[in-house]
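Chain residues, written in single-letter form:
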Amino acid sequence: MTSRYRNTAKPPDDAPMIPVPGPRPVVWAPRARTIEVVLPRRAPHDEDGAGTDAAPGPAAEPERRPLRLIGMHVPNWWGADDELAPGTDYGFSIDGGPPLPDPRSPRQPHGLLGWSRSFDPAFDWSDEAWQGPDARGAVLDVDVTTFTPEGTLDAAAARLDALSALGVAVVELRTIGSVAGVLCPHLYTVCEEIGGPRALQRFVDAAHAHGIGVSLGVAYHRAAPGAAFLEAYAPYLAPLRTRRRTPGSPLPSLPLRDEPAAEVPADLPSGRRINLDRAGSREVHDWVVDSAERWFDDFHVDALRIARVQDLADASPVHLLVEVARTADAASLAHGRPVRLVGECETAEPRLLVPAEQGGRGLGTLWVRGLERSFHALVAGAREGDATWFNALSRILTMPDAAQIMLGLESTERVDEDGQAIVTALLLASAFVPRLEEPATYRLRAWTSTLLRLRRAVRDDAVLIVRRGPGGVVLVQRGNVVTVVNVGPHPRTALLPSSRRAWSVAARWSSPSEPADAAGPPGAVDPADRPGTADTRGTAGTAARSRPDPASARHDLEPLAPAPVDESSVRVAGRSAVVLTSR
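Model, not experiment: these values are computed from the prediction.

S.K.: Pulling in residues and values, what's your account of the overall build of the protein?
M.R.: Looking only at helices and strands, one finds 11 helices and 26 strands in the protein. Put simply, the protein has 583 residues, and 53% of those count as buried. In the protein, 74% of the contacts between residues at least 6 apart in sequence involve partners at least 24 apart. Summed over all atoms, the accessible surface of the protein reaches about 26,800 Å², with 53% contributed by carbon and sulfur.

S.K.: So, the nonpolar core: which residues are in play, and what are the values?
M.R.: By size, the foremost hydrophobic cluster in this structure holds 130 residues, and its most contacted members are Leu173, Leu200, Tyr220, Tyr233, Trp287, Trp295 and Leu304. Ranked by the residues each element gives to this core, the list is headed by helix 9 (residues 417–429), at eight residues. Once residues lying within four places of it in the same chain are set aside, the contact partners of Trp295 are Ile176, Leu187, Tyr188, Thr189, Val190, Leu200, Leu216, Val218, His300, Val301 and Leu304. Counting residues in each nonpolar core, the second largest holds 12 residues, with Val482, Ala494, Leu496 and Val572 among its members.

S.K.: Explain the sheet that holds strand 6 (residues 89–94) residue by residue, including any values.
M.R.: Sheet strands associate in pairs through backbone hydrogen bonding, adopting either a parallel or an antiparallel arrangement. Reading across the sheet, the four strands line up as 3-2-6-7 and stay open at both edges, with antiparallel pairing between neighbours. Where the open sheet ends on each side, the last strands, each with one partner, are strand 3 (63–66) and strand 7 (116–117). Two strands pair when backbone bridges link them, and strand 2 (residues 35–39) and strand 3 are joined in this way by four bridges, in the antiparallel orientation. Paired with Leu39 across the strands is Glu63, a residue of strand 3.

S.K.: Mind laying out the sheet that holds strand 1 (residues 26–28), listing which residues take part and the relevant values?
M.R.: An order of 1-5-4 is seen for the three strands of this open sheet, with the pairing classed as antiparallel. Each edge of the open sheet is held by one strand with a lone partner, namely strand 1 and strand 4 (68–71). Sheet twist, expressed as the mean angle between neighbouring strand axes with direction ignored, is 45 degrees. Here strand 4 runs beside strand 5 (residues 74–79); their pairing, made up of three bridges, is antiparallel. By the bridge assignment for strand 5, Leu69 is matched with Trp78.

S.K.: For the packing of helix 7 (residues 369–380) against helix 8 (residues 387–397), give the residues involved together with the corresponding values.
M.R.: Direction vectors running N to C along helix 7 and helix 8 enclose 145 degrees, while the axes themselves pass 10 Å from each other. For the pair helix 7 and helix 8, the sense of crossing is left-handed. For the pair helix 7 and helix 8, contact is made by Leu371, Ser374, Phe375, Leu378 and Val379 and by Trp389, Ala392, Leu393, Ile396 and Leu397, respectively. Of the residues belonging to the contact of helix 7 with helix 8, the class tally is nine nonpolar, one polar and no charged.

S.K.: With reference to specific residues and values, describe the side chain of Gln201.
M.R.: Position of Gln201 relative to the elements: it lies in helix 4 (residues 196–209). With sequence-adjacent residues up to four places away left out, Gln201 is seen in contact with Phe119, Pro121, Phe123, Trp125, Asp298 and Phe299.

S.K.: Please give an account of the environment of Thr327 that cites residues and values.
M.R.: When you line up the elements, Thr327 lands in helix 6 (residues 320–335). Owing to a relative accessible area of 13%, Thr327 belongs among the buried residues under this scheme.

S.K.: An account of the pairing of strand 17 (residues 433–436) is requested, with residue identities and associated values reported.
M.R.: The side-chain alternation of strand 17 yields two buried faces, one formed by Val433 and Arg435 and the other by Pro434 and Leu436. Strand direction decides the pairing type here: strand 8 (residues 138–142) and strand 17, joined by two bridges, are parallel. Pairing of Leu140 across the sheet is with Leu436, part of strand 17. In this sheet, strand 17 lies alongside strand 16 (residues 405–408) in parallel orientation, the contact comprising three bridges. For Met406, the partnering residue across the bridge sits in strand 17 and is Val433.

S.K.: Explain the pattern of salt bridges to me, and be specific about the residues and the numbers.
M.R.: A complete count under the given rule lists 31 salt bridges for this structure. Between Glu346 and Arg373 there is a salt bridge, with the nearest N and O atoms lying 2.4 Å from each other. Pair noted here: Glu346 is in the loop between strand 14 (340–345) and strand 15 (365–368) and Arg373 is in helix 7, with a separation of 27 residues, a long-range link. On the basis of relative accessible area, Glu346 is assigned to the partly exposed category, the value being 29%.

S.K.: Run through the packing of aromatic side chains, naming residues and quoting values.
M.R.: Tallying each qualifying case throughout the model produces seven aromatic pairs. Among the aromatic residues, ring-to-ring pairing joins Trp28, Tyr236 and Trp287 into one connected group. Here the basic side chain of Arg435 rests over the ring of Trp367, its NZ or CZ set 3.8 Å away from the ring centre. Over the aromatic face of Trp509 sits the side chain of Arg443, whose NZ or CZ is 3.9 Å from the ring centroid.

S.K.: Could you give an account of empty space enclosed by the protein, with specific residues and numbers?
M.R.: This structure, assessed with the given rule, holds seven cavities of 30 Å³ or more. Approximately 120 Å³ is the volume found for the second largest cavity. In this structure, the second largest cavity is lined by Ala425, Leu428, Ala429, Leu451, Leu454, Arg455, Val458, Val476, Arg478, Val481, Thr483 and Val579. Looking at the lining of the second largest cavity, the elements with two or more residues in it are helix 9, helix 10 (442–456), strand 19 (473–478) and strand 20 (481–486). Considered class by class, the residues forming the lining of the second largest cavity number nine nonpolar, one polar and two charged.

S.K.: Explain unusual backbone geometry to me, using residue names and the numbers behind them.
M.R.: With a phi angle near 55 degrees, Asp95 is a residue other than glycine that sits in the positive phi range. Tracing the sequence through the fold places Asp95 in the loop between strand 6 and strand 7. Given the relative accessible area of 33%, Asp95 is considered partly exposed. We note that Arg308 has phi near 45 degrees; this positive angle belongs to a residue other than glycine. Take Arg308: it is sitting in the loop between strand 13 (303–306) and helix 6.

S.K.: If you had to explain the environment of Arg42 to someone new, which residues and values would you point to?
M.R.: Positionally, Arg42 belongs in the loop between strand 2 and strand 3. Judged by relative accessible area, which is 30%, Arg42 ranks as partly exposed. For the pair Arg42 and Asp89, spaced 47 residues apart in sequence, the C-alpha to C-alpha distance is 8.1 Å.

S.K.: So what's going on with helix 8? Which residues, and what values?
M.R.: Looking at helix 8, one finds that the buried residues are Trp389, Phe390, Ala392, Leu393, Ser394, Ile396 and Leu397. Elements in contact with the buried residues of helix 8: helix 7, helix 9, strand 18 (464–468) and strand 19. The opening residue of helix 8 is Asp386, an N-cap whose side-chain oxygen sits 2.9 Å from the backbone nitrogen of Thr388.

S.K.: Requested: an account of helix 7, with residues and values cited.
M.R.: Its 12 residues place the ends of helix 7 16 Å apart at the C-alpha level, agreeing with the 16 Å of an ideal helix rising 1.5 Å per residue. Buried residues of helix 7: Gly370, Leu371, Glu372, Phe375, His376, Leu378 and Val379, and no others. Packing partners of the buried residues in helix 7 comprise strand 14, strand 15, helix 8, strand 16 and helix 9.

Calculation notes
Residues numbered from 1 in each chain as written. Predicted model: local features only at pLDDT ≥ 70, side-chain atom pairs only at ≥ 80, totals over all residues. Heavy atoms only, no water. Helix = DSSP H or I, 4+ residues; strand = E, 2+ residues; numbered from the N terminus. Buried < 20%, exposed > 50% of the residue type's maximum accessible area, 1.4 Å probe, protein only. Contact = heavy atoms within 4.5 Å. Areas by Shrake-Rupley, 256 points an atom, 1.4 Å probe, with all protein chains shown as cover. Core = buried A, V, L, I, M, F, W, Y, C linked by side-chain atoms within 4.5 Å. Pairing = 2+ DSSP bridges. Axes fitted to C-alpha atoms, helices over the stretch in contact; angles between N-to-C directions. Left-handed = near helix turned anticlockwise from the far one by under 90°. Nonpolar A, V, L, I, M, F, W, Y, C, P; charged D, E, K, R; others polar. Salt bridge = Lys/Arg side-chain N within 4 Å of Asp/Glu carboxyl O. Phe/Tyr/Trp six-rings, centres within 6.5 Å; stacked < 30°, edge-to-face > 60°. Lys NZ or Arg CZ within 6 Å of the ring centre and 35° of its normal. 1 Å grid on protein atoms, 1.4 Å probe; cavity = no way out; pocket = protein on both sides within 12 Å on 5 of 7 lines; lining within 4 Å. Points joined across faces, edges and corners; volume = space filled by probe spheres on them. Polar contact = N/O pair within 3.5 Å; in protein donor to acceptor, adjacent residues only side chain to side chain. Expected span 1.5 Å × (residues − 1).

Listed below in structure tokens is the structure:
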């Protein structure tokens, strides 16, 4: 058989790719005629930011080194001939203009438009045996700046013992690329105020040693619109696309470079969106995808939570989310552990959870904010004895694909302690992926820890059944665990599901002011009188709303022994909850 390629030469091998960001200054700038790397006259800084600036006196003129086009295999990419030492400040000058930060800046210690700084990602990792977090575990939302008095990653790492005792599986760090509190387009940086990139590596390594995974929040929809300086390099921006347009209204046109920004929603201050499907969008895709690969490979993060995926307007043949999902799959194979993607959206779009090979977007979990608000509104507006209210709550708790949907708790500042305990009980009794905030009191901490321990004992394929009890009582059964919640103000007695084994109270939430006979029928033994049973009534310091101290709260997190109850019913106080198990 004759090949049609018989008289053709063997195609050349692919040219070696240059790591970006790396020690060699490299930038994609198709709009530039000349580019220079500008170096201020100062000594390189170490990884913690210490360094020596120029000697006192008149400001020294920065050093300028011309860049040249790399080659045809990477068109419009400019590179320097020399490498920079780690900790060297630098910027790029386009056509002789002022220095601008690197679009792929690994460090940005001088603010949004300040000098970039080179960084060596090499780190002595100790997590070779890490196999990834528990997929059923809870995700704790952490704002590093307020999580500790110091507001740094190193200070947060000192509290990992307490989080491990609480039962947290994943710690999600909010968008950490902010510079001086401003969410910026530097997708490759870690805010210097919280410690910088080296501190993040130390935090992830310490979290894995405690059996806790780390997730990062990223905001790709605000990446390019956050700063107009990117437009000097390349077409990072595109016209803001609206989902609905009035018939007969003109289509939006591309604003000129010096045209003032129009009034738009606050999350897109520049009036434009990230360019994902216009001319030059291929490199913009790589700009985003390479940043995800950097978090997986150089920082060993276990998941990325992508904010507002519905705002990523992309009509290109391969959607950006698909490319990021493929990067996560490649990282899973390379590191031998699962790497997940979580998409934040307003409504659950089915194809977001469909694998990319089947035409979907390839996300592993969805954080559906609209469903979350509906869930909290139902619980807050509970109507005792209302069948319509119960049916709406039951539809949410039993919805399909709940194991791939994340629901979170409202801020404890807006919900009273009893309400927070009830919502926590319903959420942890469901199959949803729970997204928690740090409990504000010792009672909530002990309650949450106990429920997380009981949740881990339930099989993944356990069937969830929701039953209606008397008054405002709701029973949620999943496997051998039954959560009985009373949203009404009066005590109720609820019939328990039939079981081959006796039911035992594993946890009970009660108001500190509740009468002693409200927790059970006359003659019954209150589980609070049994040693080792989780009863949160009357715990010292319940009025305090300050952050629990790990050492003080350690006693509340001891393993709890179940207490037997009547096999057919259980007494539930008003605005409280009881969790039972059958062994």
